[in-house]
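Chain and residue survey
Given next are the chains, with one letter for each unit.
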Amino acid sequence: MNGSKQSRKMRRGHERMKICFCTDLDKSVLISNFEKRGWVQVTADDDWNFYWAGTGTCRNIFSVDSGYRMHDNQLINHFPNHYELSRKDLLVKNIKRYRKDLERDSNPLAEKTEANIPGGSKYLYLDFIPITFVLPADYNMFVEEYRKNPQSTWIMKPCGKSQGAGIFLINKLSKLKRWSREAKTSFHPQIGKESYVISRYIENPLLIGGKKFDLRLYVLVTSFRPLKAYLFRLGFCRFCTVKYDTSVTELDNMYVHLTNVSVQKHGGEYNNHHGGKWSVQNLRLYLEGTRGKEVTDKLFGSITWLIVHSLKAVSSVMASDRHCFECYGYDIIIDNTLKPWLVEVNASPSLTSTTANDRILKYKLIDNILNIVLPPDGVPDVRWNKIPSPDMLGNFDLLIDEEIAAQDDNLQNSSNGKHRSNSNRWK
């Protein structure tokens, strides 16, 4: 059978194919998007083509014990070991390993500042996570670092929790030891059950209206090897409801320090109309007006840079199954020098809508994700090359596609081109 007849036959087969979806989340932004496409909802025990699952379900499906084998017309919204990026301790471990690997290979990306400057040497291009240790394992290293600057504030976060749960700030070693006794969690490296990360607290955040905020950005990854990633333009800032105050008396006031909506919505100052949120576009206009266009462009360039390199840091350890894609919620804090810091990455960013604008944004997010992860005929198919046409990207911008970059390189090499391609800039 020749190619054109075969493709016509495949198209006719796809036209007749009923797409079945299932989801663990009863969210209108998901179900309305699926039903708009004419998809039919089924249970996890039925034959499904598209599964928007919770991370636990995904782990079960990919576990050796389940014996479940996915077929070519099935897609699921998590990579098997997404936690390499989304667990706070593993993210830090992978970024540290990535930097060390580049250093060992004498890669200029791993270049450092002079060791004799205050605070010691830093990575020139890969310094985008605050100094962080995993407790209890790194307790002695943390104490050594703490004693270099005993006036500093640190933030403690349980590795496996989200939405601000279990987070607190410390500015004295005695407070950490007291908490350890009260929580019955020994920080002896060989003991202790739940692990925590402790990070140098960013005490000089950029403030707007006197309030601290962070950025929530959505990053879609359709493949880790080759790396293919997209950034959603409609991210937003999440503001604290209480003005920022570094005094010791406010150290335990999470309405001052934590931007999580799940925390802030319980505060007396929370605004139900705008939900303490501001669009990235508004932030950009504000910064261009107050700081200038050049430094604002540099900031947003630094943000895409840190996203790409955080993904590169896990690409070698991530199980890049062709049935998978994932939308990550990146949380980024900007300090008052306009330097962005990666705080954490969420594998299941909230799809709950707190305001009308929120609902519109998240509906667009899901619609655009589906347009990118599905082949042109709209039928899940892992044999597709995962290169969507530019008009299918919607509000997403391509961050990196190593496959396209490699093709560009091959074209350049074959034509002895003198100019380097833009798509190569992340190499």
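Scroll up to find the structure.
Summarised in this report is the structure supplied together with it. Since this is a predicted model, take the numbers as computed values, not measurements.

Along helix α10 (residues 280-290), the positions that sit buried rather than exposed are V280, L283 and L287. Along the axis of α10, the buried positions cluster into a sector of 55°, meaning they face one direction only. Turned more than 90 degrees from where α10 packs its buried face, L285 and G289 sit exposed.

Ordered in space as β5-β8-β6-β7, the four strands form an open sheet in which the pairing is antiparallel. The open sheet has two free edges, formed respectively by β5 (132-135) and β7 (168-170), since each of these has just one partner strand. Adjacent strand axes in the sheet meet at a mean angle of 25° when their direction is disregarded. As paired elements, β5 and strand β8 (residues 196-200) share four bridges and run antiparallel to each other.

On to the pairing of strand β15 (residues 340-346). Judged by how many residues are buried, β15 sits mostly within the fold: six of seven residues are covered. As judged from the six bridges shared by strand β14 (residues 326-334) and β15, these two strands associate in the antiparallel manner. Following the sheet pairing, Y330 is matched in β15 by V345. In sequence, β14 turns back onto β15 through a hairpin of five residues, with L338 there showing a positive phi of about 65°.

Locating D72 in the fold gives a position in the loop between α3 (55-62) and β4 (75-76). On the basis of relative accessibility, which here comes to 33%, the residue D72 falls in the partly exposed class. The contact partners of D72, leaving out residues within four places of it in the chain, are H323, P380, D381, V382 and R383.

We now examine the nonpolar core. One finds I307, L311, Y328, Y330 and L342 to be the most contacted residues of the largest nonpolar core, which totals 59 residues. It is helix α11 (residues 293-315) that contributes the most residues to this core, nine residues altogether. In terms of nonpolar packing, the next biggest core, distinct from the first, is built from 30 residues, L75, Y218, L220 and I366 among them.

Next up on the list: unusual backbone geometry. Here the residue pair L135 and P136 is connected by a cis peptide bond, since its omega of 10° sits within 30 degrees of zero. Along the polypeptide, P136 turns up in the loop between β5 and α6 (139-148). Here the residue pair R225 and P226 is connected by a cis peptide bond, since its omega of 0° sits within 30 degrees of zero. For S106, which is not glycine, the phi dihedral falls at a positive 55°. As for its placement among the helices and strands, S106 is situated in the loop between α5 (88-104) and β5. Using a relative accessible area of 62% as the deciding quantity, one classes S106 as exposed.

This part takes up the packing of α5 against α11. Two elements in contact, α5 and α11, have axes whose closest approach is 8 Å; the angle formed by their N-to-C orientations is 90°. As summarised for this structure, α5 and α11 are arranged roughly perpendicular, according to the angle between their axes. Touching N94, I95, R97 and Y98 of α5 are H309, K312, A313 and V314, all from α11. Considering only residue class, the contact of α5 with α11 consists of four nonpolar, two polar and two charged.

What counts, and where the lines are drawn
Residues numbered from 1 in each chain as written. Predicted model: local features only at pLDDT ≥ 70, side-chain atom pairs only at ≥ 80, totals over all residues. Heavy atoms only, no water. Buried < 20%, exposed > 50% of the residue type's maximum accessible area, 1.4 Å probe, protein only. Helix = DSSP H or I, 4+ residues; strand = E, 2+ residues; numbered from the N terminus. Arc of directions from axis to C-beta. Pairing = 2+ DSSP bridges. Axes fitted to C-alpha atoms, helices over the stretch in contact; angles between N-to-C directions. Contact = heavy atoms within 4.5 Å. Core = buried A, V, L, I, M, F, W, Y, C linked by side-chain atoms within 4.5 Å. Parallel < 35°, antiparallel > 145°, perpendicular 65-115°, else oblique. Nonpolar A, V, L, I, M, F, W, Y, C, P; charged D, E, K, R; others polar.

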